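The primary structure of each chain is shown beneath.
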Amino acid sequence: MSDRNQTKAPLRVLFLSAEVFPFAKTGGLADVAGSLPKAIRKLGHDIRIVMPRYGFIDKDRWNLQPVTRVHVPMGDTVEEGEVYLTYLGDVPVYMVDNARYFHRDGIYAYPDDAERFIFFSRAALELARALDWAPHIVHCNDWHTALVPNWLKTIFKDDPFWQNTRTVFTIHNLAYQGVFGHRILEVAGLAQYGFIVHPELSHWDHVIHFMARGIIFADIITTVSPRYAQEIMTPEFGAGLDPLLRERADTVIGILNGIDTEVWNPATDEYLPQRYDVEHLEKRVKNKLHLQEESGLDVGEDIPLFGFIGRLTEQKGIDLLVAAAEDVVRHLGAQLVILGTGEEKWQELIKSAAAKFPRHVHAYLTFNNPMAHHIYGGVDMLLMPSRFEPCGLNQMIAMRYGAIPVVREVGGLADTVHDFDPRTGEGNGFSFRPYDRTALYTAMVRGVENWKHRDTWRQLQVRGMTTDFSWNRSARQYVEVYYRALSMPGHVPQRLLEKLHFRGAP
Ligand code: ADP
């Protein structure tokens, strides 16, 4: 296979993700996996998605057709996987089924997650072989698929089938790293290659760290915004992995996520009580009144309405949100609708705010896609006071729907939201830097002050709604990354090897 050298030839790309919208979703990873491959396919490349077939993915609804079976070595045993095929637009989506691993209510957070995703990742490689379809690129996403580069550079190093394949590893969120006990190395078939020890990461000597292995072995590492790419190489945002990432700085690339502009389109959105577009913005208010009513809030066009949508975790700044909401309700008479699921402690905080101000704060503590659409289409402003934010899609979706983002200036939020300056008229939202309630509150006050000036506000809305948040530009950047990976020698960089120390497994 010499086509590795024909650098601009169409590429075969195997795209691995633990979640893909609309089949299975907990957050932004699913949105990306459900839309980026479509955009890459449009550029003429043969990209194919592989994901697990979770028990809740209905075979009839999605027209899953059995295509092959794969036999996956898992330590001393072999597990079977049934592979189904369906399509997302014209992108083939292979789903690997195994009742023991995937027939559960959820996607993650099971005690055997390491095994589940080893099985999935290895099955994806076995599938390529079963189809006799050797990809130029295996595009891995997050820790779940991070052992693939490790395998290709160890157990498959001399396998002719994989000789011309390179790997791209995309970090969607560095906070989820996949750290497990050493037994898992045997399940992964990597025991004979021993532990990896790095002088600056000695606290991880005795664990198997999936994300670290992706960073070490992938040919190129990408992450989901340019700002986050810089941030993760610093101790503040590096979640302990910054020394390793700095080691690979020349291959850490930030590419901003896009959104699926067909899924997120207020002009055609079937969930919205009232559809609208930038020429008919006046219709949007119907959605606001509807949202206030269905949420049991005071109904009125003249009450400023904030929204929040997201996973309820440390990352999303719920403590700031609740603290500032109190001030905003008391002093500005504004309202807040929250949609999210997650940790108990944040749910409790939110519940108590809603109980205190029932006409001003309402919380939906569920995962509810139609309600997300109601919120994007109805609120005046969307809040994202994140501690850190790799990219964030909500702020882009919000702008596309004419809701103005109020965000903390971190990660992808800093790349996409520029603080509005009423003197120059520049900017597309409101942002603040220090992680404290006063900073958020001040940004919200500025938001409300500007919201009162209807002309200014309309300008802001039009700016957001007419910005191109599609994948067009970023998909091209990924393709460039693929070609660059293909031109690489396919070794772990010598510089890094010198720092790493491989120790025999116990
Ligand atoms: P993250 O990946 O950190 O969860 P993103 O902003 O990248 O955050 O993406 C979040 C995606 O998940 C958006 O599409 C958002 O609308 C959706 N989402 C998050 N929580 C919920 C929920 N409770 N109900 C419906 N959609 C949600």
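Worth saying up front: this structure is predicted, and the values here are computed from it rather than measured.

Asks: Just checking my understanding: could you explain the sheet that holds strand β18 (residues 430-432) for this structure?
Replies: The strands that make up a sheet are held in pairs by hydrogen bonds between backbone atoms, and each pair lies either parallel or antiparallel. On the basis of which strands lie adjacent, the open sheet formed by 6 strands has the order β15-β14-β13-β16-β17-β18 and parallel pairing. Of all the strands in the sheet, just β15 (361-364) and β18 have a single pairing partner and so form its edges. Taking the axes of each pair of neighbouring strands and ignoring which way they run, one obtains an average angle of 20° across the sheet. The pairing of strand β14 (residues 335-339) with β15 spans 4 bridges and is classified as parallel. Bridging from a neighbouring strand, Val337 pairs with His362 of β15. Running over the sheet, helix α9 (residues 285-294) touches β13 (305-309), β14 and β15 and is turned about 70° from β13.

Asks: For this particular structure, what's the right way to read the environment of Phe180?
Replies: Structurally, Phe180 is set in strand β8 (residues 179-180). In the structure, Phe180 is positioned 26 residues away from His206 in sequence and 9.2 Å away in space, judged by C-alpha atoms.

Asks: Explain the site of the ligand here, please?
Replies: In the region of the ligand, 22 residues are neighbours, and Gly28, Asp31, Arg311, Lys316 and Tyr376 sit closest. Here an oxygen atom of the ligand and a side-chain polar atom of Tyr376 are 2.8 Å apart. Only α1 (28-42), α12 (369-378) and α13 (394-400) provide two or more residues apiece to the shell around the ligand. In the shell around the ligand, the residues fall into 8 nonpolar, 10 polar and 4 charged.

Asks: When you look at the environment of Met51 in this model, what are you seeing that I'm missing?
Replies: Topologically, Met51 is positioned in strand β2 (residues 46-52). Along the sequence, Met51 and Ala33 sit 18 residues apart, while their C-alpha atoms lie 9.7 Å from each other. Look past the residues within four positions of Met51 in its chain and what remains in contact with it is Ser17, Val20, Phe23, Ala24, Ile57, Val93, Tyr94, Met95, Val96 and Phe120.

Asks: Even after reading the chapter, I still don't get unusual backbone geometry, so can you show me in this structure?
Replies: Note that the residue after Phe21, namely Pro22, is joined by a cis bond; omega there is 10°. With respect to the helices and strands, Pro22 occurs in the loop between β1 (12-16) and α1. Notably, Asp132 is not glycine yet its phi reads approximately 50°, a positive angle. Within the secondary structure layout, Asp132 lies in the loop between α3 (113-130) and β6 (137-141).

Asks: How do you make sense of the packing of helix α10 (residues 318-332) against helix α15 (residues 437-451) when you look at a structure like this?
Replies: In a pair of packed helices, the angle between the axes and the distance between the axes together describe the arrangement. Across the interface, α10 lies against α15 with an axial gap of 9 Å and an inter-helix angle of 45°. It follows from the interaxial angle that α10 and α15 lie oblique. Read as a crossing pair, α10 and α15 show a hand that is right-handed. Listed contacts from α15 to Leu320, Leu321, Ala323, Ala324, Asp327, Val328, His331 and Leu332 of α10 are Arg437, Leu440, Tyr441, Met444, Val445 and Val448. Class assignment for the residues of the contact of α10 with α15 results in 11 nonpolar, 1 polar and 2 charged.

Asks: Looking at this structure, I do not really get the pattern of salt bridges. What am I missing?
Replies: For side chains of opposite charge, pairing can occur when their charged atoms come near one another. For the structure on display, the rule yields 31 salt bridges. The salt bridge involving Arg100 is made with Glu79; its shortest N-O contact spans 2.6 Å. Here the residue Arg100 occupies a position in helix α2 (residues 99-102), and Glu79 occupies one in strand β4 (residues 77-88), the gap between them amounting to 21 residues. Residues Lys356 and Glu326 are paired through a salt bridge, measuring 2.8 Å at the closest nitrogen-oxygen approach. Linking Lys356 in helix α11 (residues 344-356) with Glu326 in helix α10, this pair joins segments that are 30 residues apart in sequence. Overall, the relative accessible area of 21% leaves Glu326 in the partly exposed class.

Asks: Looking at this model, I keep getting lost on the pairing of β13. Mind explaining?
Replies: Look at any regular strand and the pattern is simple: side chains alternate between the two faces of the sheet. Counting buried residues in β13 gives 5 out of 5 residues, a clear majority hidden from the surface. Because side chains alternate across β13, one face comprises the buried residues Leu305, Gly307 and Ile309, and the other comprises Phe306 and Phe308, equally buried. Relative to β14, β13 runs parallel, the two sharing 5 bridges. Bridged to Leu305 within β14 is Gln335. This β-α-β element, β13 to α10 to β14, shows right-handed connectivity. Bridge count between β13 and strand β16 (residues 381-384): 2 bridges; the pairing is parallel.

Asks: Help me out: how do you make sense of the nonpolar core in this one?
Replies: In a soluble, globular protein the nonpolar side chains are often hidden away together inside. By size, the foremost hydrophobic cluster in this structure holds 143 residues, and its most contacted members are Phe210 and Tyr482. Ranked by the residues each element gives to this core, the list is headed by α3, at 10 residues. The two domains that each donate at least three residues to this core are domain 1 (11-258 + 473-503) and domain 2 (278-465). If near-sequence neighbours (up to four positions away) are discounted, Tyr482 is found in contact with Leu11, Val13, Phe15, Ile40, Ile47, Ile137, His139 and Val168. One finds Ile350, Met381, Phe432 and Leu440 within the second-largest nonpolar core, a separate group that totals 37 residues.

Asks: I would appreciate a short explanation of the sheet that holds β1 in the present structure.
Replies: Judged by pairing direction, the sheet is mixed, and its 9 strands sit side by side in the order β3-β4-β5-β2-β1-β6-β7-β11-β12 without closing on themselves. Here the strands that pair on one side only, and so sit at the sheet edges, are β3 (65-74) and β12 (252-254). Adjacent strand axes in the sheet meet at a mean angle of 25°, parallel and antiparallel pairs treated alike. In this structure, β6 lies alongside strand β7 (residues 166-171), joined through 5 bridges in parallel fashion.

Asks: Got a minute to help me understand the pairing of β16 in this structure?
Replies: By the alternation rule, side chains of β16 split into Met381 and Leu383 and Leu382 and Met384, which are all buried. Bridge count for β16 against strand β17 (residues 404-408) is 4 bridges, and the pairing is parallel. Along β17, the bridge assignment pairs Met381 with Ile404. For the segment spanning β16, α13 and β17, crossover handedness is right-handed.

The rules behind these values
- Residues numbered from 1 in each chain as written.
- Predicted model: local features only at pLDDT ≥ 70, side-chain atom pairs only at ≥ 80, totals over all residues.
- Heavy atoms only, no water.
- Pairing = 2+ DSSP bridges.
- Helix = DSSP H or I, 4+ residues; strand = E, 2+ residues; numbered from the N terminus.
- Axes fitted to C-alpha atoms, helices over the stretch in contact; angles between N-to-C directions.
- Contact = heavy atoms within 4.5 Å.
- Near = heavy atom within 4 Å.
- Polar contact = N/O pair within 3.5 Å; in protein donor to acceptor, adjacent residues only side chain to side chain.
- Nonpolar A, V, L, I, M, F, W, Y, C, P; charged D, E, K, R; others polar.
- Parallel < 35°, antiparallel > 145°, perpendicular 65-115°, else oblique.
- Left-handed = near helix turned anticlockwise from the far one by under 90°.
- Salt bridge = Lys/Arg side-chain N within 4 Å of Asp/Glu carboxyl O.
- Buried < 20%, exposed > 50% of the residue type's maximum accessible area, 1.4 Å probe, protein only.
- Right-handed = clockwise from strand over helix to strand, strands pointing away.
- Core = buried A, V, L, I, M, F, W, Y, C linked by side-chain atoms within 4.5 Å.
- Domains from an automatic or database assignment.

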